[in-house]
Structures are given as structure tokens and as C-alpha cells.
Amino acid sequence: MAKIIGGLTTSHIPAVGNAIAREQQNDPYWKPFFDGYPPIHAWLDKHKPDVAINIYNDHGLALFLDQMPTFAIGAAHEYINEDEGWGIPVLPPFKGDAPLSWHIIESMVDDEFDITSCQEMPVDHGFTVPMQLFWPGLGKHPNFPRAIPISANTVQHPIPTLKRALDFGKALGRAIRSYPDDIKVVILGTGGMSHQLDGERAGFINKEFDLMCMEKIVTDPESLTKISRRELVRQAGAQGTEFLMWMMMRGALGDKVNPIHQNYHIPISNTGAGTMMLECID
Ligand code: DHB
Ligand code: FE
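Residues numbered from 1 in each chain as written. Chains lettered and ligands numbered in written order. Predicted model: local features only at pLDDT ≥ 70, side-chain atom pairs only at ≥ 80, totals over all residues. Heavy atoms only, no water.

**Observations regarding the site of ligand 1**
(1) Moving on: Inspection of the region around ligand 1 gives His-12, Ile-13, Pro-14, His-59, Trp-86, His-125, His-195, Leu-197, Glu-242, Ser-269, Asn-270 and Thr-271 as its neighbouring residues.
(2) Moving on: For ligand 1, an oxygen atom lies 2.8 Å from a polar atom in the side chain of His-59.
(3) Moving on: Interatomic distance of 2.8 Å between a side-chain N/O atom of His-195 and an oxygen atom of ligand 1.
(4) Moving on: Its residues assigned to classes, the shell around ligand 1 shows four nonpolar, seven polar and one charged. (Near = heavy atom within 4 Å. Polar contact = N/O pair within 3.5 Å; in protein donor to acceptor, adjacent residues only side chain to side chain. Nonpolar A, V, L, I, M, F, W, Y, C, P; charged D, E, K, R; others polar.)

Structure representation (C-alpha cells):
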């Protein structure tokens, strides 16, 4: 049977993609951010997951305001990347796992989650930057996994509640664990933490709130479901709603997790950048 071995979180800021392309990882501005990743590389090299479920929020490349699914799951054999206008190099296609995608979609619809299945789903920086951060070199990396994109709406209100996000993750976990193949799966929750890119509060970051979320996502994710969507925007900024991706990831991991590693750095671009590695306890 498939096994979920752990969860990873990271911000997905486009400027990070440019820093990677320009090999600026050791520049003073970038070093404290990139220093958060080598312990995770070591863990991934040891455990070698076959599949990465990449939970992110599409920012308008695959899905736009005219048709905005609350939860969309990729069901393709591969996922292309396209130019979004950030100046990041376009990356080669990512290999999918369509049989696992369809198993997850079937299981989740049985579990009463109404999923939009996407047989075409171009992936944006929310998906690609984390793949580069965790598997430097991408296709040239010896253990580069197959990937399945899952996008939730954090753009057009009403967005899902934090409780719905955690419950989605629990159903996703049940779906993966019922897949008959003996594969190892890692779950990525990309985005966050606090940031607001436009409007009166542009540049808003809330370190205290971010650190509270990093603690509670390990020890008591249920307590975070009491935060309303309005309160989340107030505390984390308009784009801090990307914390929903962390809740979806966390729900899939089960009750108890072992926090192996974490890093928090502000600001990177306009964002509070949190990186975490949570290992599942069998
Ligand atoms: C930034 C952060 C994001 O989450 C994003 O999608 C785009 C830009 C930023 O901080 O620059
Ligand atoms: Fe984003």
C-alpha cells in the first residue's frame, strides 16, 4: 500500500526562482533563506519518495476568476510550466502519476469532497519554485519524484475555511493510504506565510502570527481551524491565505508528526518565509 512519509512546507516566491537561476544562494540576502533547505535535502535523499503531492494555489495560470474551482486536482501524465511574466526561466514539463491522481479523485469524491479534475493543468510558480527548492536540478536530480498538483482557491472569495482545508487533507490522506501500490509519498504545502502584495497594507508581515502557526501546525492544527477567513486575512495579510495549503498538507499526515526541521526568515521579497519538515509517525 502507498505510504505517506512526511510533509514539507515552503514559500513559493517567484524571486526565489530567479535567485536559483542566477545561482545567488550564497548572497547575503538569500543565504538565510536557502540555508533552510539542506537538512530537507538530506532527508529526501535518505527516504526517496516516489511521488510528491504538491498542494499550492494557482495564481491565474491554469485557473482564472471566470472559472475558479475551490479544489482542483491534476490528472495528467505531465504538467507544463509557462511564462507568467515574473522573468523566471520556463522549466521543462513535470512527470505526473495519472493512475494515482484518479484514485485520489475517486476516493475524495466518495468522501464527499467535490473535486475539479484537470487533465490539463499548466503549473505556476506556486508549484515550480518548491520543486526546485526541494529537488535542486529537477529532472537532473537522481531522485526526482513524479508529481501531482493540487490547487485550492485562495484568490477569489469565498475561499475554503481553515477547517475545510484540514478536512480536505484528512480525506487526501485516506485516499493515498488506500492506493494499492507500494509507493512512498511526500506532501508539499506551498505558500505563505504572512504577506500582502497590494493595497493599503502592501508589505504587511506578521512574525508573531507566523511563528504561532508554525508551532500549532505541529502540535495542535485543530486549534487553527477556529481562525475565521476574515481573521486570517487580518492577521496574515491578503495573500497570507496561502496558509490554507499548509493546513491541507497537515491534514494528510495524521494525528502526530515529528518536526524534524524548520526555518523562518523575514522578509524574502514581500513575504514571511517559513520552511518545515514534518515526518509521519507510523
Ligand atoms: C510573492 C509571494 C507570493 O506568494 C507570490 O505568489 C508572488 C510574489 C512575493 O513575496 O514577492
Ligand atoms: Fe503566492
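On we go.
**Details of the packing of aromatic side chains**
(1) Moving on: Evaluated as defined, the whole model comprises 15 aromatic pairs.
(2) Moving on: Summarising the aromatic geometry, the rings of Trp-30 and Phe-33 are spaced 6.4 Å apart at their centres and angled 70° between planes, so their arrangement reads as edge-to-face. You'll find Trp-30 and Phe-33 in the same group, each marked buried.
(3) Moving on: Aromatic ring contacts, followed pair by pair, group Tyr-29, Trp-30, Phe-33, Phe-34, Tyr-37, Tyr-56, Phe-94, Phe-127, Phe-134, Trp-135 and Phe-144 into a single cluster.
(4) Moving on: A cation sits over an aromatic face here: Arg-201 above Phe-204, 4.3 Å from the ring centre. (Phe/Tyr/Trp six-rings, centres within 6.5 Å; stacked < 30°, edge-to-face > 60°. Buried < 20%, exposed > 50% of the residue type's maximum accessible area, 1.4 Å probe, protein only. Lys NZ or Arg CZ within 6 Å of the ring centre and 35° of its normal.)

**Comments concerning the sheet that holds strand 9 (residues 257–268)**
(1) Moving on: Judged by pairing direction, the sheet is mixed, and its eight strands sit side by side in the order 6-3-7-2-8-1-10-9 without closing on themselves. For this open sheet the edge positions go to strand 6 (116–118) and strand 9, each flanked by a neighbour on one side alone. Pairwise comparison of adjacent strand axes, ignoring direction, gives a mean angle of 20° for this sheet.
(2) Moving on: Pairing analysis gives seven bridges linking strand 1 (residues 3–10) to strand 8 (residues 184–190), with the strands arranged parallel. (Pairing = 2+ DSSP bridges. Helix = DSSP H or I, 4+ residues; strand = E, 2+ residues; numbered from the N terminus. Axes fitted to C-alpha atoms, helices over the stretch in contact; angles between N-to-C directions.)

**Remarks on the coordination of the iron ion (ligand 2)**
(1) Moving on: Surrounding the iron ion (ligand 2) are the protein donor atoms His-12 (NE2), His-59 (NE2) and Glu-242 (OE), which sit 2.0 to 2.3 Å from the metal.
(2) Moving on: Positions of the donor residues of the iron ion (ligand 2) along the chain correspond to the pattern H-x46-H-x182-E. With His-12 in the loop between strand 1 and helix 1 (14–21) and Glu-242 in the loop between helix 9 (229–236) and helix 10 (243–252), the pair connects residues that are 230 residues apart, well separated along the chain. As far as the burial class goes, His-12 and Glu-242 line up, both buried. (Donors = N, O, S within 2.8 Å, 3.2 Å for Na, K, Ca; no water.)

**Examining unusual backbone geometry**
(1) Moving on: With an omega dihedral of -5°, the bond running from Gly-192 to Met-193 counts as a cis peptide bond.
(2) Moving on: Relative to the helices and strands, Met-193 is located in the loop between strand 8 and helix 7 (207–219).
(3) Moving on: Its identity as a non-glycine residue notwithstanding, Lys-48 has a phi of 50°, on the positive side.
(4) Moving on: Take Lys-48: it is sitting in the loop between helix 3 (38–47) and strand 2 (51–56).
(5) Moving on: On the basis of relative accessibility, which here comes to 41%, the residue Lys-48 falls in the partly exposed class.
(6) Moving on: In the Ramachandran plot, Leu-138 falls in the positive-phi region, its phi being about 50° despite a non-glycine side chain.
(7) Moving on: With respect to the secondary-structure elements, Leu-138 resides in the loop between helix 5 (125–134) and strand 7 (146–152).
(8) Moving on: Of the residues examined, Leu-138 reaches a relative accessible area of 10% and is grouped as buried.

**A word on the packing of helix 7 against helix 10**
(1) Moving on: Look at helix 7 against helix 10: their axes get within 10 Å of each other, and the N-to-C directions meet at 15°. Our classification of the angle between helix 7 and helix 10 gives roughly parallel. Between helix 7 and helix 10 lies a crossing whose hand is right-handed. Counted together, Cys-213, Met-214, Ile-217 and Val-218 of helix 7 and Phe-243, Trp-246, Met-247 and Arg-250 of helix 10 form the full contact between these two elements.
(2) Moving on: Split into classes, the residues belonging to the contact of helix 7 with helix 10 amount to seven nonpolar, no polar and one charged. (Parallel < 35°, antiparallel > 145°, perpendicular 65-115°, else oblique. Left-handed = near helix turned anticlockwise from the far one by under 90°. Contact = heavy atoms within 4.5 Å.)

Read these as spatial facts, not as claims about activity.
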